[in-house]
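# Structural features, examined
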Amino acid sequence: MTNFNDFLQQQLQDPAFRQEWQALQPQRAMAQAIIDARQNAGLTQKQLAEKTGIAQSDISKLEGGSANPSLRTLQRLAVGMDMHLKIEFLPNP
């Protein structure tokens with residue numbers, strides 16, 4: 001049985017898959033940033049939902065990468081985690 005990384009590496013050999021995977025990188029990075037920030041704040045999804053008024057199911061969708069948050073939602077999440085939101089534009093590697 002192969003693990004996910006082995007499977008991913010195999011799939012990335014397909015140029016169409018690789019192009020789509022790279023195009024979705026910002027969404028994956030955003031989802032991971034939300035997860036990391038919430039965990040660093042020591043909050044569960046339920047606790048963050050209670051602090052922000054954002055449904056726990058919506059937070060789960062954001063963390064799963066199946067929803068695209070507005071800037072207002074990102075700001076609400078940041079306030080709920082006692083953090084500030086920073087958005088950057090970086091040059092391509």
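Before reading further, recall that the structure is shown in the block above.
Here's what I pulled together on the structure shown here. (Residues numbered from 1 in each chain as written. Predicted model: local features only at pLDDT ≥ 70, side-chain atom pairs only at ≥ 80, totals over all residues. Heavy atoms only, no water.)

Now for the pattern of salt bridges. Pairing between side chains of opposite charge can happen when the charged atoms of each approach one another. Summed over the entire model, instances satisfying the criterion amount to two salt bridges. Salt-bridge contacts for glutamate 63 lead to arginine 38; the nearest nitrogen and oxygen are separated by 2.5 Å. Linking glutamate 63 in helix α5 (residues 56-64) with arginine 38 in helix α3 (residues 25-40), this pair joins segments that are 25 residues apart in sequence. With a relative accessible area of 11%, glutamate 63 lands in the buried category. Given a relative accessible area of 10%, arginine 38 falls into the buried group. For glutamate 88, the salt bridge goes to lysine 86, with nearest N and O atoms at 3.6 Å. (Salt bridge = Lys/Arg side-chain N within 4 Å of Asp/Glu carboxyl O. Helix = DSSP H or I, 4+ residues; strand = E, 2+ residues; numbered from the N terminus. Buried < 20%, exposed > 50% of the residue type's maximum accessible area, 1.4 Å probe, protein only.)

Structurally, the position occupied by threonine 52 is in helix α4 (residues 45-52). Separated by 26 residues in sequence, threonine 52 and alanine 78 place their C-alpha atoms 9.1 Å apart. Excluding residues that lie within four positions of it along the chain, threonine 52 makes contacts with Ile59, Arg76, Leu77 and Gly80. A polar contact of 2.8 Å, which involves the side chain of threonine 52, links it to the backbone oxygen of leucine 48. (Contact = heavy atoms within 4.5 Å. Polar contact = N/O pair within 3.5 Å; in protein donor to acceptor, adjacent residues only side chain to side chain.)

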